[in-house]
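Survey of secondary and tertiary structure
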Amino acid sequence: MTMAKVATNTNFDELLQDSKLVVVDFWATWCGPCRMLSPLLDEVEEEMADKIQVVKVNVDDAEEVAARFRIMNIPTLLFFKGGQLVDKTVGAMPKNVLVEKINANL
């Protein structure tokens, strides 16, 4: 089972250096929609482990990273390819929409 990596202010850039599509989940413990999206993301990561890497950023713990990407609403997903930001979504979504979004960015 793959596990999402947890990003901090110090290791964030390092976590983007992956050959796979990196899906960064900006979330917080007090955010209801984040708690709905998180298990779906874990599921999708497990199913697509050969293609994606999920990185979770708790906006309360990694404020610098959240500020750098101007995260105003959560959950926000950022999609990185080769360390470059290629796409972004805001808000919770059903699993099929999440999978479509990931596939569109592979």
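Just above sits the structure.
Residues numbered from 1 in each chain as written. Predicted model: local features only at pLDDT ≥ 70, side-chain atom pairs only at ≥ 80, totals over all residues. Heavy atoms only, no water.

Of all seven residues that make up strand β2 (residues 21–27), six are buried, and the element is covered over most of its length. When β2 meets strand β3 (residues 52–58), the two strands line up parallel, connected through seven bridges. Note that in β3 the partner of Leu-21 across the bridge is Ile-52. Note on the crossover from β2 through helix α2 (residues 32–47) to β3: the handedness is right-handed. Pairing analysis gives five bridges linking β2 to strand β4 (residues 76–81), with the strands arranged antiparallel. Bridge assignment links Val-23 to a residue of β4, and that residue is Phe-79. (Buried < 20%, exposed > 50% of the residue type's maximum accessible area, 1.4 Å probe, protein only. Helix = DSSP H or I, 4+ residues; strand = E, 2+ residues; numbered from the N terminus. Pairing = 2+ DSSP bridges. Right-handed = clockwise from strand over helix to strand, strands pointing away.)

Right, let's get into the pattern of salt bridges. Per the stated rule, a full pass over the model turns up six salt bridges. The residue Lys-101 makes a salt bridge to Asp-87 at a minimum N-O spacing of 2.9 Å. Within this pair, whereas Lys-101 is found in helix α4 (residues 95–105), its partner Asp-87 is found in strand β5 (residues 84–90), the two being separated by 14 residues in sequence. A residue is classified by how much of its surface remains accessible, and Lys-101, at 24% relative accessible area, is partly exposed. Connected via shared salt-bridge partners are Asp-25, Asp-42 and Lys-56. (Salt bridge = Lys/Arg side-chain N within 4 Å of Asp/Glu carboxyl O.)

The N-to-C vectors of α2 and α4 enclose an angle of 50 degrees; their axes lie 10 Å apart at closest approach. The angle between the axes of α2 and α4 places the two elements in the oblique class. In this structure, α2 meets α4 at a crossing whose hand is right-handed. From α2, Leu-37, Leu-40, Leu-41, Glu-43, Val-44 and Glu-47 reach across to α4, where they touch Lys-95, Leu-98, Val-99 and Ile-102. Looking at the contact of α2 with α4 residue by residue, the class counts come to seven nonpolar, no polar and three charged. (Axes fitted to C-alpha atoms, helices over the stretch in contact; angles between N-to-C directions. Parallel < 35°, antiparallel > 145°, perpendicular 65-115°, else oblique. Left-handed = near helix turned anticlockwise from the far one by under 90°. Contact = heavy atoms within 4.5 Å. Nonpolar A, V, L, I, M, F, W, Y, C, P; charged D, E, K, R; others polar.)

Considering the arrangement of structural elements, one finds Trp-30 in the loop between β2 and α2. Under the relative-accessibility criterion, Trp-30 is labelled exposed at 56%. Beyond its immediate sequence surroundings of up to four residues, Trp-30 is in contact with Arg-35, Asp-60 and Ile-74. Looking at Trp-30, its side chain comes within polar contact range of the side chain of Asp-60, at 2.7 Å. (Polar contact = N/O pair within 3.5 Å; in protein donor to acceptor, adjacent residues only side chain to side chain.)

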